[in-house]
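Residues per chain are reported as follows:
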Amino acid sequence: ADGAPAYKTAAVERGPLQAVVAAGGTVNPVRQVSVGSQVSGQIKELHADFNTEVKQGQLIARIDPESILYRVRQAQADVDAVRAQALQQQANVAAAQAALSRAKLDAANAARDLARQQVLAQGFVSDAALDAVRNTAGTLAEQVKVAEAQLEVARAQAASAQASIGQREAVLAQAKVDLDRTEIRSPVD
């Protein structure tokens, strides 16, 4: 009351020293990682929440994969269908090669027949019969050209079918990647 300071005294003792620091504010992490998904959909399973401790590679959540599974199945069916078409085109190439061989044999036979008829044309074969043999030989020679063109078309279709296989396999691979992306995993501990 008279303005002099007041002191409190105590006996000296040995004991633990306690220091308490109180502070206010926001705690920031050393490393922060945003986790998301590259595919959209409804969450089917949730294995971690905000501030949950996780290990790298641990499954955090799973997006419902049903629609993506259907896309994978559709893409697989497309690949199978295109492979079947490619086999069919290869069979068409073989058939076109056989047709070309047959046309060449027929043309060669007609050419030999024409040569014989021309030798016999000196009084033994009528002009009409000789003209008929010439027409047949010419027609069969043109059929060889047609068969060659059909073979080239069949080869082009087979090449196109092979290219389609690559395209469909790429779509299938993308669908499988999207399916894998339905599992959201922790990128870090």
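Residues numbered from 1 in each chain as written. Predicted model: local features only at pLDDT ≥ 70, side-chain atom pairs only at ≥ 80, totals over all residues. Heavy atoms only, no water.

## Quick notes on the overall build of the chain
- A tally of regular secondary structure across the chain gives two helices and three strands.
- Helices (α) and strands (β) of the chain occur, in sequence order from the N terminus, as β-β-α-α-β.
- For 189 residues, the compact-globule formula gives about 16 Å, and the C-alpha radius of gyration of the chain, at 43 Å, lies well above that figure.
- Taken along its principal axes, the extent of the C-alpha atoms in the chain is 165 × 30 × 25 Å.
- Among the 189 residues that make up the chain, the fraction classed as buried is 23%. (Helix = DSSP H or I, 4+ residues; strand = E, 2+ residues; numbered from the N terminus. Rg over C-alpha atoms; globule rule 2.2 N^0.38 Å. Buried < 20%, exposed > 50% of the residue type's maximum accessible area, 1.4 Å probe, protein only.)

## Concerning the pattern of salt bridges
- Under the definition given, this model contains eleven salt bridges.
- Between Asp-113 and Arg-116 there is a salt bridge, with its nearest N and O atoms 3.7 Å apart. Of the two residues, Asp-113 and Arg-116 both sit in helix 1 (residues 66-120), three residues apart, roughly one turn of that helix.
- For Asp-113, a relative accessible area of 29% gives the class partly exposed.
- One connected set of salt bridges, linked through shared partners, spans Glu-45, Arg-62, Glu-183 and Arg-185. (Salt bridge = Lys/Arg side-chain N within 4 Å of Asp/Glu carboxyl O.)

## Structural notes on the side chain of Asp-178
- Position of Asp-178 relative to the elements: it lies in helix 2 (residues 127-180).
- Setting aside chain neighbours within four positions, we find Asp-178 in contact with Val-39, Ile-68 and Arg-71. (Contact = heavy atoms within 4.5 Å.)

## Things to note about the sheet that holds strand 2 (residues 59-63)
- Taken in spatial order, the three strands make up an open sheet running 1-2-3, and their pairing is antiparallel. Among the strands making up the open sheet, the edge pair consists of strand 1 (43-46) and strand 3 (183-185). On average, each strand axis in the sheet is inclined to that of its neighbour by 20 degrees, with strand direction left out of account.
- Where strand 1 and strand 2 come together, three bridges link them in antiparallel fashion. Among the inter-strand pairings, Leu-46 is bridged to a residue of strand 2, identified as Ala-61. (Pairing = 2+ DSSP bridges. Axes fitted to C-alpha atoms, helices over the stretch in contact; angles between N-to-C directions.)

## A closer look at the nonpolar core
- Judged by nonpolar contacts, the single largest core of 16 residues is most densely connected at Val-93, Leu-100, Leu-114, Val-144 and Leu-151.
- Counting residues per element, the ones that place at least two in this core are helix 1 and helix 2.
- With nine residues, helix 2 is the largest single contributor of residues to this core.
- Sequence-distant contacts of Leu-151, defined by excluding residues within four places in its chain, comprise Val-93, Ala-96, Gln-97 and Leu-100. (Core = buried A, V, L, I, M, F, W, Y, C linked by side-chain atoms within 4.5 Å.)

## Description of a nonpolar patch on the surface
- Together, Val-119, Leu-120 and Phe-124 line one region of the surface with nonpolar side chains, adding up to about 350 Å² of accessible area.
- Of note, Phe-124 is situated in the loop between helix 1 and helix 2. (Patch = residues over 30% accessible without salt bridge, like charges linked within 9 Å, V, L, I, M, F, W, Y side chains within 5 Å. Areas by Shrake-Rupley, 256 points an atom, 1.4 Å probe, with all protein chains shown as cover.)

That's the geometry; what it means functionally is another story.
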